[in-house]
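If you want the building blocks of each chain, they are given just below.
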Amino acid sequence: MTRRTFPVAVGAAALLTVTALGVPAASATTTDARRPAADAVQQRLDGLVAEHGFPGALASVRRDGRVRDYTAGVGDLRTGAGIPRDARVRVGSNTKTFTAVVVLQLVGEGRIDLDASVERYLPGMVRATGNDGRRITVRQLLQQTSGLPDYDDVLFGEAQDLVDRRSDYFDPRRLLDAALTRPRHFPPGAKWEYSNTNFVLAGLIIERVTKRPVGEEITRRIVEPLRLRDTYWPQTGEQDLPGRLPRGYVAVEPGAPWVDVTRLDPSVGWAAGQLVSTPSDLRTFFEALLAGRLLKPAQ
């Protein structure tokens, strides 16, 4: 979900989704039996495991009209079981792209103005310690140029907090209020800096404009039209993942033992990182986005 933490999953570039799981001991599956032995994607995944210490990885790639699904590592530290092909995982900050698409759809519908202030949609909500929603635009939220502090740095000040607070429920207003205890990092638009707070605000704007939950809007506007069968927004309090899946682990620092955090409350990510999906569903989503199926040409 953040630039420094990935309790269950971390997303890579558009059509390649990599997830942090398992232990070293590379393995692979593919839907194409003719895959070359020296496949570049498989080599990258194996490298994440063997060279960079990732417990395991998943990927789905469409190339030359063929879909290939990959795994490396194993999905369970205790048993050594392999990673199920195209398994469901928490996809972390890939959620941000879904949130951004909904915002841009609402821009295309004339319901949100990218250059309007956050204050227009959330009056009085961002005004503390030098953070001022009157000076931040919706565009700056999506571009990560708002200067807003990251609530993650406040709520998870110690590395062990990633483990100790994994079952805590966080209301989105609580996430925002945590961020606003810190002063702004720079004037809006002055530079770029990653902050999950930007996408919590984007989610709150979606809810204010549509008068519906952000997870429902993502489902109605993206998940259902694209028939993403294994993608869903966990309900409030839903800490477990259904079905056969790899375990999720986190190490609180380099060299520390892996801790199983498969069961956790995803509310800490909300519109910045709450979704559950699979590599193939993410591939389908990004293909549709890049092909112009989700947004009007102007967006």
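Structure first, text after, so check above.
The rules we used
- Residues numbered from 1 in each chain as written.
- Predicted model: local features only at pLDDT ≥ 70, side-chain atom pairs only at ≥ 80, totals over all residues.
- Heavy atoms only, no water.
- Helix = DSSP H or I, 4+ residues; strand = E, 2+ residues; numbered from the N terminus.
- Buried < 20%, exposed > 50% of the residue type's maximum accessible area, 1.4 Å probe, protein only.
- Contact = heavy atoms within 4.5 Å.
- Polar contact = N/O pair within 3.5 Å; in protein donor to acceptor, adjacent residues only side chain to side chain.
- Pairing = 2+ DSSP bridges.
- Salt bridge = Lys/Arg side-chain N within 4 Å of Asp/Glu carboxyl O.
- Axes fitted to C-alpha atoms, helices over the stretch in contact; angles between N-to-C directions.
- Parallel < 35°, antiparallel > 145°, perpendicular 65-115°, else oblique.
- Left-handed = near helix turned anticlockwise from the far one by under 90°.
- Nonpolar A, V, L, I, M, F, W, Y, C, P; charged D, E, K, R; others polar.

### With respect to the overall build of the chain
Along the backbone of the chain there are ten helices and eight strands. Counting all 299 residues of the chain, 55% fall into the buried class. Counted over contacts in the chain with a minimum sequence separation of 6, partners at least 24 positions apart contribute 74%.

### Quick word on the environment of Ser146
Among the structural elements, Ser146 can be located in the loop between α4 (138-142) and α5 (151-155). On a C-alpha basis, the gap between Ser146 and Arg135 in space is 8.8 Å, while along the polypeptide they are eleven residues apart. The contacts of Ser146, once residues within four sequence positions are left out, are Ile136, Gln140, Leu141, Phe186, Pro188 and Asn198. Of note is the side chain of Ser146, whose polar atom sits 3.1 Å from the backbone nitrogen of Leu148. Side-chain polar atoms of Ser146 contact the side chain of Asn198, separated by 2.5 Å.

### Concerning the pairing of strand β1 (residues 56-63)
Consecutive side chains along a regular strand alternate between the two faces of the sheet. Here β1 lies mainly inside the structure; six of its eight residues are buried. Where β1 and strand β2 (residues 66-73) come together, eight bridges link them in antiparallel fashion. Looking at the pairing, Arg63 lines up with Arg66 of β2. In sequence, β1 turns back onto β2 through a hairpin of two residues, with Asp64 there showing a positive phi of about 55°.

### Looking at unusual backbone geometry
Phi angles above zero are rare outside glycine, and Asp86 is one such case at about 55°. Mapped onto the fold, Asp86 is located in the loop between β2 and β3 (89-90).

### A closer look at the environment of Arg208
On the secondary structure map, Arg208 appears in helix α8 (residues 196-210). Setting aside residues no more than four positions away along its own chain, Arg208 makes contact with Tyr121, Leu122, Pro123 and Met125.

### Section: the pattern of salt bridges
Enumeration according to the criterion identifies 17 salt bridges in this entry. Asp132 is the salt-bridge partner of Arg135, the closest N and O atoms lying 3.8 Å from each other. In the salt-bridge network here, residues are joined through shared partners; they are Glu109, Arg111, Glu217, Arg220 and Arg221.

### Topic: the side chain of Asn198
With respect to the element layout, Asn198 can be found in helix α8. Beyond its immediate sequence surroundings of up to four residues, Asn198 is in contact with Leu141, Gln144, Ser146, Leu148 and Glu193.

### Focus: the packing of helix α2 (residues 94-108) against α8
Packing of α2 against α8 leaves a shortest axis separation of 10 Å and a crossing angle of 40°. Relative to α8, the element α2 lies oblique. Both α2 and α8 take part in a crossing whose hand is left-handed. Across the interface between the two elements, Lys96, Thr99, Ala100, Val102, Val103 and Leu106 from α2 touch Asn196, Phe199, Ala202, Gly203, Ile206, Val209 and Thr210 from α8. Residues belonging to the contact of α2 with α8 are distributed by class as follows: eight nonpolar, four polar and one charged.

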